[in-house]
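# Commentary on secondary and tertiary structure
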Amino acid sequence: MFLVLLSFILLYFHLKQLELSGAQKTLQGRREVLEQACLSHTKKRRVLSPEDLKHLIVDDKHGLIYCYVPKVACTNWKRVLMVLTGNGRYTDPLAIPANEAHVAGNLHTLSEFSVTEINQRLRSYLKFIFVREPFERLVSAYRNKFTRSYNTAFHKRYGTKIIRRHRPNPEAEAMEKGNNVSFREFVQYLVDPRTQREEPFNEHWERVHSLCHPCLIHYDVVGKYETLEPDAQAVLRLAAVEGKVQFPTSSKSTRTDGNMAARFFQYISPFYQKKLFNLYRMDFLLFNYSTPEYLRTR
């Protein structure tokens, strides 16, 4: 009986080891694709500025750096890091309200440190990032910021400008409230050269390569939203914090996927689809996402 039990235990650990090595191969493959794409598509390196490091959250206790990308499970990652850095204040990530996870000051960013401290952390900490199919992320941002009645700050800040500039003969109420921006108008706003001349993109639709600088910062792990749970588990395992915190599982029933993105893009002309693809092209290339089948760029 003891020998049977022992053989089961050994088999279990052997299977876990195979599972781990498979996950490690996947993560290593993504790292290699990213490095090759950086070599092929970036012309010259530049020095990182403090402004470049505002999205890199630091956990000094466990030696972690996480670059957060809005609309790629960043709320849950911030919750996890609040548990890890909170000295026992938090134990369950999901007990932390979403708005509290985004309060500036709850977590430290790399931009807060001196140049020497920045370089020391970049050299020695485990650095990770999570990415998502660029157009699914974009549609998710549009749905969240422009179709939810409670997001009045976004409607005022961006919606009014989009309607004023991209809607022929807008009604006075729409110009005042900015609460009924169409996806077509949002796309027109994104590809309009004036938009980025006037101010940087909002972080919710800024390109990942502009937020996290993956060709300048060597990320040890590139996780993907499409394989969020196993990739999150791999990060926690590599950080040796598996026993301290669990990554929350998603309960969303209307997650933005490829089919939903296709429905939004069917109303976008090939001309604007091509312009938008060119705008997000580097994210497709760097993170090995295929051109969506629904695109009509000719």
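That block above? That's the structure.
Read on for a plain summary of the structure. (Residues numbered from 1 in each chain as written. Predicted model: local features only at pLDDT ≥ 70, side-chain atom pairs only at ≥ 80, totals over all residues. Heavy atoms only, no water.)

Moving on, we get to the overall build of the protein chain. The secondary structure content of the protein chain amounts to 13 helices and 5 strands. A compact globule built from 298 residues should have a C-alpha radius of gyration of about 19 Å, and the protein chain, at 21 Å, falls within 12% of that. Here the C-alpha coordinates of the protein chain stretch approximately 80 × 45 × 40 Å along the principal axes. Here the protein chain holds 298 residues, and the buried ones make up 48% of them. Sequence-distant contacts in the protein chain: of pairs separated by 6 or more residues, those separated by 24 or more amount to 70%. About 16300 Å² of surface is accessible on the protein chain, with carbon and sulfur atoms providing 54% of the total. Charged side chains of the protein chain number 44 positive and 30 negative; the gap between the two group centres comes to 4 Å. (Helix = DSSP H or I, 4+ residues; strand = E, 2+ residues; numbered from the N terminus. Rg over C-alpha atoms; globule rule 2.2 N^0.38 Å. Buried < 20%, exposed > 50% of the residue type's maximum accessible area, 1.4 Å probe, protein only. Contact = heavy atoms within 4.5 Å. Areas by Shrake-Rupley, 256 points an atom, 1.4 Å probe, with all protein chains shown as cover. Lys, Arg positive; Asp, Glu negative; His and termini not counted. Charge placed at Lys NZ, Arg CZ, Asp CG, Glu CD.)

According to the stated counting rule, one finds 2 disulfides in the structure shown. Between C38 and C215 runs a disulfide, and the two sulfur atoms are separated by 2.0 Å. Its S-S torsion of approximately -85 degrees makes the covalent link between C38 and C215 left-handed. Taken together, the residues span a long stretch of sequence, with C38 in helix α1 (residues 2-41) and C215 in the loop between α10 (208-212) and β5 (221-224) at a distance of 177 residues. The residues C38 and C215 share a single accessibility class, namely buried. A sulfur-sulfur separation of 2.0 Å characterises the disulfide bridge that pairs C67 with C212. (Disulfide = S-S within 2.5 Å.)

Attention shifts here to the nonpolar core. The biggest cluster of nonpolar side chains holds 87 residues, and the ones touching the most others in it are W77, F186, L190, W205, L276 and Y280. Those residues in contact with Y280 that lie beyond four places of it in its chain are P134, F135, L138, L190, F201, W205 and R207. (Core = buried A, V, L, I, M, F, W, Y, C linked by side-chain atoms within 4.5 Å.)

Inspection of every chain in the model, using the stated rule, returns 27 aromatic pairs. Taking 5.8 Å as the distance between ring centres and 40 degrees as the angle between the ring planes, the aromatic pair formed by Y66 and W77 counts as tilted. With a gap of 11 residues between them, Y66 in strand β2 (residues 64-67) and W77 in helix α2 (residues 74-85) connect regions that are remote in the sequence. Just as Y66 is buried, W77 falls in that class too. With centroids separated by 5.9 Å and ring planes inclined at 75 degrees, the aromatic side chains of Y142 and F264 adopt a geometry described as edge-to-face. One end of the pair, Y142, is in helix α5 (residues 134-146); the other, F264, is in helix α12 (residues 258-265), with 122 residues separating them in the sequence. Taking NZ or CZ as reference, R132 lies 4.0 Å from the ring centre of Y225, over its face. Of note, R157 hangs over the ring of Y158, and the distance from its end group to the ring centre comes to 4.6 Å. (Phe/Tyr/Trp six-rings, centres within 6.5 Å; stacked < 30°, edge-to-face > 60°. Lys NZ or Arg CZ within 6 Å of the ring centre and 35° of its normal.)

Moving on: the pattern of salt bridges. Under the defined criterion, the tally for this structure stands at 16 salt bridges. Ionic pairing is found between D220 and K127, a salt bridge with its closest N-O pair at 3.5 Å. Of the two residues, D220 is situated in the loop between α10 and β5 and K127 in strand β4 (residues 126-131); the sequence distance between them amounts to 93 residues. Exposure remark for D220: the relative accessible area of 32% places this residue in the partly exposed category. By relative accessible area, K127 is classed as buried at 5%. (Salt bridge = Lys/Arg side-chain N within 4 Å of Asp/Glu carboxyl O.)

This part takes up helix α4 (residues 115-124). Side chains of residues three or four places apart in an α-helix project in the same direction, reflecting 3.6 residues per turn. Buried within α4 we find I118, R121 and L122. The buried residues of α4 occupy one face: seen down the axis, they fall within an arc of 100 degrees. Exposed residues lying more than 90 degrees from the buried face of α4 are T116 and R123. (Arc of directions from axis to C-beta.)

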